[in-house]
Amino acid sequence: MQRELRASVAKKLAAGNLKGLQSKQFGMSQARGGGRPGLSTGTSSGGLPATPAKLARPQDGFNFARLKERDAPVAGPSRITFVGPPADEEARKQRAYRYMYEKISERSEVLDDRIDYFGELVKAYYDIEELGDPSAVTEEDITVVGRIVIDAETSSGSVKLNEASLMLESSRMMGSGARVPIRFDPGVNIRRCARGASGLGVFPGAIVALKGKNGGGGWFLASEILSLPPLDPSSEIHVKSETDETAFSMYVASGPFTPDADLAYRPFQSLITKLIAVKPAVVLLVGPFIDAAHPAIKTGDVDAPPRDIFRTEFVDRLLDFLDSSPGSLVLLVPSTRDILSDHAVFPQCELPRGLSNDSRIRLLPNPARFTLNGVHIAVSSVDVLFHLRKEEFFKRAAEIDALSTASDAPDAMANLCRHILQQRSFYPIFPVPLELAHEVNLDVTHADMLYLTPLDDNDDDADGRVDPTRARCAPDVLVVPSRLKHFSKVVDSTVAVNPSFLTKATYAVLEYAGHTVPGPAKDRIKVEIQRLET
């Protein structure tokens, strides 16, 4: 009965004969020959070509001397070696954890462990013997590590963090968990920051290291800011495919995939037309796919269950692409706004396995770390860049021992991405801003799934060859879709990409030149933001 119902719904969707306000648009763009709307195996007059909206630029840190111009390769059957999160039943159960059962003691322990972990990093990086307690009165300067929190007494409502409301919270081991107001010396310096940063951006939840003293005035006077240790670049592990070809191309698009005016998914149809023509080796799609915030979904103005809409609009179209390019791989990362996901918290498990049984369509958790031919890629669907931009307070300071970067010019977007890398978290803000809490249901107890690198000392897979989530290196590519303007740029040893949303007619195209020359992977990666023509 279910099979007959799904077949009937799919037939009606293809014919465009469903009843309802939204359903009238489903079949209007269908070809007369009976094919799927906007799909062809060649370059058709109905297809929408892509034109560059923003090319990779030298000022964004790309080394064009190491990049060889090459045509987009045609996907081969064994060109991609994909290593993702563990897919065994035990790992799936851990990601599909029961939420809303957090205990205060467990939350505080997770927050404390994070401070202690960064304390050990700072001690090793700056060769410091012992960290101090910011609440203890001292005559000499000490180094302290703690979490930035906002002073609830001086701030009311949703007031943005400012210098008057800054407080430092220590761990129970280093300072009995006390909160101390922070004051900055007029001549405050910042050590080992990125050249051109000219200061430090802080936000609630940020882990910071400060040097100064508490003279008994009820606050900690910081005379120097110590930048957190940067992540090490990935080691040059050359993973060969069966054909000995390691170059690949990847298309990256982020939802929503249809505008609020309808559920016809025309932007996604245009993208599929492009994929069939170009045949990239990898397609990375980031949710939401069936957006719970879509007006038609909220009002129930649909003629088919969301699961059937997903199969018709996404799975079937992706299978058409995979039929034209059998060696390609499709990766799906959900969003907390996906109505198909029964896991409405962050971190989030992958979509239900029943949505697709094709082994070439991989369902990944949110966030996710994986490797493609040894290239480390990290992705999250949460708009963390917008949240950081909204909550960040920037404190200017004179640079000492600044580290060289790809571009020494000040770059606000690069600094936001650097927060993610230095804080080693896909979502380093805590707590979630009140006005943005509807976008992120943060589960603090399972925050270990948000970390870019594990906090434990187990180095069983430090290079991420078996489990990329255990890798201790910086990702080679960081995909962070955001409502902020699209970009692609090099941040330290990582290529950061914001493809924006497909409803804004933009997506990213990544080309990896393969293991051609020695050196970091960022010098062999080229990213362009392209635009769908309307």
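Just so you know, the residues in each chain are numbered from 1, in the order the chain's sequence is written. Totals for whole chains, interfaces and linings use all residues, but because this is a predicted model, local features are given only for residues with pLDDT of at least 70 and pairs of side-chain atoms are given and counted only at 80 or more. Hydrogens and water molecules were not included; the side-chain quantities draw on all heavy atoms of the structure.

Visitor: Hey, could you run me through the packing of helix α8 (residues 384-391) against helix α9 (residues 412-423) in this one?
Guide: Helix-helix packing is described using two parameters, namely the angle between the two axes and the distance between the axes. Geometry is summarised by axes, namely lines fitted to C-alpha atoms with helices restricted to the contacting stretch, and by angles between N-to-C directions that run from 0 to 180 degrees. Numbering goes from the N terminus for both helices and strands, where a helix is a DSSP run of H or I of at least four residues and a strand is a run of E of at least two. Where α8 contacts α9, the two axes come as close as 10 Å, and the packing angle between them is 105°. The orientation of α8 relative to α9 falls into the category roughly perpendicular. Residues V384, L385, L388 and R389 of α8 pack against A412, M413, L416, C417, H419 and I420 of α9. Ten residue types, Ala, Val, Leu, Ile, Met, Phe, Trp, Tyr, Cys and Pro, are classed as nonpolar, four, Asp, Glu, Lys and Arg, as charged, and the remainder, Gly among them, as polar. Residue classes in the contact of α8 with α9 are distributed as 8 nonpolar, 1 polar and 1 charged. The cut-offs work like this: below 35 degrees is roughly parallel, past 145 is roughly antiparallel, 65 to 115 is roughly perpendicular, and the gaps in between are oblique. Residue contacts follow a heavy-atom distance rule, with two residues in contact if any of their heavy atoms lie within 4.5 Å.

Visitor: It is not clear to me how the sheet that holds strand β13 (residues 368-372) should be interpreted in this structure. Could you clarify?
Guide: Adjacent strands of a sheet pair through backbone hydrogen bonds, lying either parallel or antiparallel. For two strands to pair, DSSP has to find at least two bridges joining them. Here we have 6 strands laid out as an open sheet, ordered β2-β13-β14-β17-β19-β18, and mixed in their pairing. Strands at the two margins of the open sheet, each flanked by one partner only, are β2 (82-83) and β18 (487-491). Bridge analysis of β13 against strand β14 (residues 375-379) gives 5 bridges, and the strand direction is antiparallel. Each bridged residue has a counterpart across the sheet, and for F370 the counterpart in β14 is I377. Along the sheet, α9 makes contact with β17 (477-479), β18 and β19 (494-498), crossing β18 at roughly 60°.

Visitor: Before we go on, may I ask you to explain the confidence of the model for the chain in this structure?
Guide: The predicted coordinates of low-pLDDT regions are not to be read in fine detail. When pLDDT is averaged along the chain, the result is 84, and 80% of the positions lie at 70 or above. Predicted confidence for residues 9-51 stays below pLDDT 50, and this span has 64 contacts to residues more than four positions away or in other chains. Each residue carries a pLDDT score, the predictor's confidence in it, ranging from 0 to 100. Contacts of residues 238-243 to residues separated by more than four positions or lying in other chains number 15 contacts, the stretch itself having pLDDT below 50.

Visitor: So what exactly am I meant to see when it comes to the side chain of H343 here?
Guide: In this fold, H343 is placed in the loop between β11 (329-333) and β12 (361-363). Beyond its immediate sequence surroundings of up to four residues, H343 is in contact with R95, A96, Y97, Y99, Q348 and C349.

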